[in-house]
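# Summary of structural features
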Amino acid sequence: MPRSKHALLVPALAAVLFAAGAAVAADGRSVYLRCVACHGVAAEGVASTGAPPLAGLHAAYLQRQLQSFASGARGAKPGDKYGTSMRSAGAPLLSSDTERAAVASYLSTLKPGVQRTPGRTTANGRNYFNAVCGACHGSGGEGNPALGAPRLAGLPEAYLARQFAAFQSGQRGYQPDDRYGIQMRTITTMLPDAETVRDVIAYAASLRP
Ligand code: HEC
Ligand code: HEC
């Protein structure tokens, strides 16, 4: 094929790919409208519903959580009030893997908000966070998609504390094939006492996204 034909083909192909990308993004945005009552218009989280911020979390992490709520790998344990709320009233609003992927991809493009009431920094919290949590979640709490570890920075202290306690008690990470949940569950045994847990969570909540 002569060179000139390639030169024409490349911009045409780029235009098609761009249009396809925009369609997926628009779709995810419209799907997300079903979720705003609990998670907020900018996916900033709403304390009164217990629904956490979702803006700017990694797409693969979001999609995995949506699948877990749908399959019962998360939110299906008795006594898990907020998990039950998301599992029974949130997850059924998505009808397919395509919708779960589209909304996860859209949410990952939103700018994460900054904590309105940031946690406190203590030497104990910082030391344990860096020694234990940083290996997977990053020393700035930015998360590591390659390890499946989500961003913690910018999430509310109450939500982080609740999730940590859920892993500790087995309300999360209980499904035998929930590899990432089980991994995080094992980690909870590495903090020596309740006071250290509080310090580490408060420190994580002080980190800015
Ligand atoms: C009835 C209120 C409600 C609705 C509607 C709802 N959610 Fe949720 N969602 C929650 C609550 C509460 C939690 C926290 C669950 C927990 O504490 O384990 C949550 C958690 C999540 C999480 C896990 C976040 C994390 O950091 O692990 C994702 C992802 C999520 N929701 C996405 C959605 C999407 C997408 C929709 C719309 C299709 C939606 N939710 C609709 C209440 C809701
Ligand atoms: C070996 C890697 C690893 C280490 C170390 C680790 N985590 Fe995690 N963490 C994960 C993974 C993977 C997930 C996602 C689990 C899932 O998909 O359900 C996670 C999830 C979480 C969540 C839930 C976030 C959300 O949005 O719902 C919290 C909170 C958390 N970790 C806190 C901590 C804290 C605090 C420490 C240090 C004491 C820590 N983690 C250490 C891998 C790790």
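Our next topic: the site of ligand 1. Around ligand 1 there are 24 residues in total, and C35, C38, Y82, M86 and G90 lie nearest to it. Mapped by element, the contributors of at least two residues to the shell around ligand 1 are helix 2 (36-39), helix 3 (59-71) and helix 4 (81-90). If one sorts the elements of the shell around ligand 1 by residue count, helix 4 sits on top with 6 residues. Grouping the amino acids of the shell around ligand 1 by side-chain chemistry returns 15 nonpolar, 7 polar and 2 charged.

Take the site of ligand 2 next. Around ligand 2 there are 23 residues in total, and C133, C136, Y180, G181 and M184 lie nearest to it. Elements with a contribution of two residues or more to the shell around ligand 2: helix 6 (123-137), helix 7 (157-169), helix 8 (179-187) and helix 9 (194-206). Classifying every residue of the shell around ligand 2 gives 17 nonpolar, 5 polar and 1 charged.

Another point: the environment of L155. When you line up the elements, L155 lands in the loop between helix 6 and helix 7. The buried category is assigned to L155, around which 25 C-beta atoms lie within 10 Å. Along the chain, L155 and P118 lie 37 residues apart, while their C-alpha atoms are 9.1 Å from each other. Those residues in contact with L155 that lie beyond four places of it in its chain are P52, P53, L160 and A205.

Right, let's get into the packing of helix 7 against helix 9. Relative to each other, helix 7 and helix 9 sit at 135°, their axes nearing to 9 Å. As far as their axial angle goes, helix 9 and helix 7 are oblique. The interaxial crossing formed by helix 7 with helix 9 has right-handed handedness. In this structure, helix 7 contributes E157, L160, A161 and F164 to the contact, and helix 9 contributes V197, I201, A202, A204 and A205. The residue makeup of the contact of helix 7 with helix 9, split by class, is 8 nonpolar, no polar and 1 charged.

Our focus in this paragraph is the packing of helix 6 against helix 9. Where helix 6 meets helix 9, the closest approach of the two axes is 8 Å, and the angle between their N-to-C directions is 85°. By the angle class used here, helix 6 and helix 9 are roughly perpendicular. Every residue of helix 9 that contacts helix 6 at N124, G125, R126, Y128, F129 and C133 is listed here: T196, D199, V200, A202, Y203 and A204. For the contact of helix 6 with helix 9, the per-class residue count stands at 7 nonpolar, 3 polar and 2 charged.

Moving on, we come to the confidence of the model for the protein. Looking at the protein, the pLDDT average stands at 91 and 88% of residues meet or exceed 70. Residue range residues 13-23 is modelled with pLDDT below 50. Its contacts to residues more than four positions away, or to other chains, number 0 contacts.

On to helix 4. In an α-helix, one turn spans 3.6 residues, which is why side chains three or four residues apart end up on the same side. Of the positions making up helix 4, those classed as buried are G83, M86, R87 and G90. Each buried residue of helix 4 lies within a common arc of 115° when the element is viewed along its axis, so the set occupies one face. When the buried face of helix 4 is taken as reference, the exposed residues oriented beyond 90 degrees from it are K81, S88 and A89.

Rules used throughout
- Residues numbered from 1 in each chain as written.
- Chains lettered and ligands numbered in written order.
- Predicted model: local features only at pLDDT ≥ 70, side-chain atom pairs only at ≥ 80, totals over all residues.
- Near = placed C-beta within 6 Å.
- Helix = DSSP H or I, 4+ residues; strand = E, 2+ residues; numbered from the N terminus.
- Nonpolar A, V, L, I, M, F, W, Y, C, P; charged D, E, K, R; others polar.
- Buried ≥ 20, exposed ≤ 12 C-beta atoms within 10 Å, placed from the backbone.
- Contact = placed C-beta atoms within 7 Å.
- Axes fitted to C-alpha atoms, helices over the stretch in contact; angles between N-to-C directions.
- Parallel < 35°, antiparallel > 145°, perpendicular 65-115°, else oblique.
- Left-handed = near helix turned anticlockwise from the far one by under 90°.
- pLDDT = per-residue confidence, 0-100.
- Arc of directions from axis to C-beta.

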